[in-house]
Amino acid sequence: MSPAAPALPRKKLPVGIQNLREIREQGHYYVDKSGLAIDLLNSGKYFFLSRPRRFGKSLLVDTFKELFEGNRALFEGLAAETRWDWSHRYPVIRISFADGMLQSRTELDTRIHEILQDNEMELGVQAQRRTVNGRFAELIRLVHEHHGAPAVVLVDEYDKPILDNLTDPARAAEMRDGLRNLYSVLKGADPHLKFVFLTGVSKFSKVSIFSGLNQLVDITLDPRWSALCGYTDEDIDTVFAPELPGLDREEIRRWYNGYNWRGTSVYNPFDVLRLFDRREFHPYWFETGTPTFLVNLLAERRIFTPDLGRIVASEALLSTFDVDTMQPEALLFQAGYLTIGQVRAIPGRMEFTLKYPNLEVEASLNDSLLKRYMGDAAASEAQISRLWRVLQAGDVAALRELFQAFFASIPNDWYRNSPIAQFEGYWASVFYSHFAALGLDIRVEDSTNKGRIDMTVLAGGAVWVFEFKVVELVPQGKAIAQIRDRGYADKYRGRGEPIHLIGVEFSRVDRNIVGFEVETLAR
């Protein structure tokens, strides 16, 4: 019997560390992005990249900084060591709005002046102009003259002052205008610039914030750079191989992989590092930022929640996020709650089918939506736990009681005062979000050769086939009849599991389930 292979040595986990020097000098795990970084540097001069929060954008910016400053020792053994020209160094102007919250144009301008002053001190120059745009333009020129090399401008969290104020559109617009005043300098400063890179969460239209900066290349949806931030499957299996024993590899993939920008799919680094630290599956990324504004927007727009995982959008729509035109599809995509599932080229445009990236996002977002739709956040946790036990037991009668009791528990005042409850898809949305919050295998608008099933759930060793109808008051039996007449169960007979056919009818008058007919087909 051959001896077991020795365990691979474990390293420090760089949780929350966005500084390349600290990671490399203190022996943390490091996923080498330096090769991709150099590929980008060799392909142009002005770039913009949008990625969700906690995706390694700041570390990428820091990597650019260390490359241009010529700190070769940090890249020993990495792709950049033999590919970068270390004989040239360039002064780096670094701007970041990651820290703190700004709540007025005055505060924004003051913060910009502080950032510019810090750069002046670091780079050994002193600008004389006192306006934001004048000082920035002078800084770039002086840096070029003083160092004898064109400047590199790196902007991290370029949009945070706007995003922090989205609930106040007027204030958000002030922030947008103030940032446009800053970034507009870059166009006229071209002779003094070597490289420009801006990154953040949102992808504002060029007209709104980068007006005139036509040379800025947006690489957000360029397949070549899909993995510029984030960890790939290969990264997990090689760099983090010492962390994998004791964890279900497929569960890691199901929980955290799936973010895609038309190229290689990636994991959110924050999730993976927290998993390896705590050794248990949990929605780490989702819980670091409460999407209250997003959930409220989805509710106000009466988004049919079963549609969230199959939205079709054009590239233009995903790129038109702005203070005045906040499309839910663009916000969901840019914030990381939806990602690209399929791409289709049609005349003159690209069309994307969006999907949930993984189990963490699907379950957590629907859990948040359910709390909003219930009007009672405290009640949802117990409700979802009961649903899980009912499904595991295969208790169809208890399923009806569960949902009838749920709808009956919602106060009439909430129904009257909430615009959410007034659209016809409300009941089905609530029904769907219960199951989605558990991270179950759900097929919405499930295609068969005789039509589309409203919702199919695979759980508890059984198949649950649902058809929903809205009636005035009296149940009509149309939902279960449609399931039977169209043979919706046929698609799943080969699984050898019990199949529960469930026709659900909601009453507009009673605001509850008035019809819940069930037929169970034995395995």
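Positions within a chain are numbered from 1, following the residues in the order the chain's sequence is written. Only residues with pLDDT of at least 70 get local features here, since the model is predicted, and only at 80 or more are side-chain atom pairs given and counted; chain-wide, interface and lining totals rely on the full set of residues. Only hydrogens and water are set aside when side-chain values are computed; all heavy atoms of the structure are taken into account.

1. Details of the packing of helix α5 (residues 105-123) against helix α8 (residues 169-183)
- Lines fitted to C-alpha atoms define the axes here, with helix axes fitted over just the stretch in contact, and angles between the N-to-C directions of these axes take values from 0 to 180 degrees. Secondary structure elements are taken from DSSP: a helix is a run of H or I of four residues or more, a strand is a run of E of two residues or more, and numbering for both begins at the N terminus. Packing of α5 against α8 brings their axes to within 9 Å, and their N-to-C directions diverge by 30°. Relative to α8, the element α5 lies roughly parallel. α5 and α8 meet at a crossing whose hand is right-handed. Note on element contacts: α8 touches α5 through E174, M175, D177, G178, L179, N181 and L182, opposite R105, L108 and I112.
- In this classification, Asp, Glu, Lys and Arg are treated as charged, Ala, Val, Leu, Ile, Met, Phe, Trp, Tyr, Cys and Pro as nonpolar, and every other residue, Gly included, as polar. Among the residues forming the contact of α5 with α8, the class breakdown is five nonpolar, two polar and three charged. Note on terminology: angles under 35 degrees are roughly parallel, angles over 145 are roughly antiparallel, angles of 65 to 115 are roughly perpendicular, and the others are oblique. A crossing counts as left-handed when the near helix is turned anticlockwise from the far one by less than a right angle, and as right-handed when that turn is clockwise. Should any heavy atoms of two residues lie within 4.5 Å, those residues are considered in contact.

2. A few points about the environment of G148
- With respect to the helices and strands, the residue G148 is situated in the loop between α6 (132-147) and β3 (151-156).
- The classification of residues rests on relative accessible area computed with a 1.4 Å probe and restricted to protein chains. Under 20% of the type maximum is buried, over 50% is exposed, and intermediate values are partly exposed. Residue class for G148 comes out exposed when judged on its relative accessible area of 64%.
- Counting along the chain gives 50 residues from G148 to L198, while the straight-line C-alpha distance between them is 24 Å.

3. Structural notes on the environment of V465
- Tracing the backbone shows V465 in strand β11 (residues 462-471).
- Taking C-alpha positions, V465 is 28 Å from F352, a pair spaced 113 residues apart along the chain.

4. Brief notes about the packing of aromatic side chains
- Centres within 6.5 Å make a pair out of two Phe, Tyr or Trp rings, where for Trp the six-membered ring is used; the pair is then stacked when the planes are under 30 degrees apart, edge-to-face when over 60, and tilted otherwise. All told, the structure shown has 34 aromatic pairs when counted by the stated rule.
- When the ring of F431 is compared with that of F466, the centres are 5.5 Å apart and the planes differ by 65°; the resulting orientation is edge-to-face. On the criterion of sequence distance, the pair formed by F431 in helix α22 (residues 426-436) and F466 in strand β11 is long-range, its members being 35 residues apart. Neither F431 nor F466 differs from the other in exposure class; each is buried.
- Any Lys NZ or Arg CZ that is within 6 Å of a ring centre and within 35 degrees of that ring's normal is treated as a charge sitting over the ring. For the cation-ring pair, R51 lies above W261, with the distance from its terminal atom to the ring centre recorded as 3.9 Å.
- The ring of W285 carries the charged tip of R53 above its face, separated from the ring centre by 4.3 Å.

5. Quick look at α8
- For α8, which comprises 15 residues, the first-to-last C-alpha distance of 21 Å matches the rise-based estimate of 21 Å (1.5 Å per residue) to within 8%.
- Here α8 has its buried residues at A172, A173, M175, R176, G178, L179, L182 and Y183. Expected span of a helix, by definition, is 1.5 Å for each gap between consecutive residues, and there is one gap fewer than residues.

6. Details of α6
- The first and last C-alpha atoms of α6 sit 22 Å apart over 16 residues, in line with the 22 Å expected at 1.5 Å per residue.
- Residues of α6 that are buried include every one of V132, G134, R135, F136, E138, L139, I140, L142 and V143, and no others.
- At its buried positions, α6 is contacted by β2 (92-96), α5, β3, α8, α9 (185-188) and β4 (193-200).
- G148 sits one or two residues past α6 and shows a positive phi near 70°.

7. Looking at the nonpolar core
- Counting 168 residues, the largest nonpolar core has F136, F431, F435 and F466 as its most contacted members.
- With residues near it in sequence (within four places) discarded, F136 still touches I93, I95, L116, V153, L182, V185 and L186. Residues enter a nonpolar core if they are buried and are Ala, Val, Leu, Ile, Met, Phe, Trp, Tyr or Cys, with the set joined through side-chain atoms within 4.5 Å.

8. Some remarks on the sheet that holds strand β10 (residues 451-459)
- Between any two strands, at least two bridges found by DSSP are needed for them to pair. Taken in spatial order, the five strands of this open sheet run β9-β10-β11-β12-β13, and their pairing is mixed. Strands with a single pairing partner mark the edges of an open sheet, and in this sheet they are β9 (441-448) and β13 (512-521). Each neighbouring strand pair of the sheet contributes to a mean axis angle of 25°, computed without reference to strand direction.
- As defined by bridge partners, β9 adjoins β10 across seven bridges and the pair is classed as antiparallel. Bridge pairing in β10 places T448 opposite G451.
- In the packing of helix α20 (residues 396-409) onto the sheet, contacts are made with β11, β12 (499-507) and β13, and the angle to β13 comes to roughly 165°.

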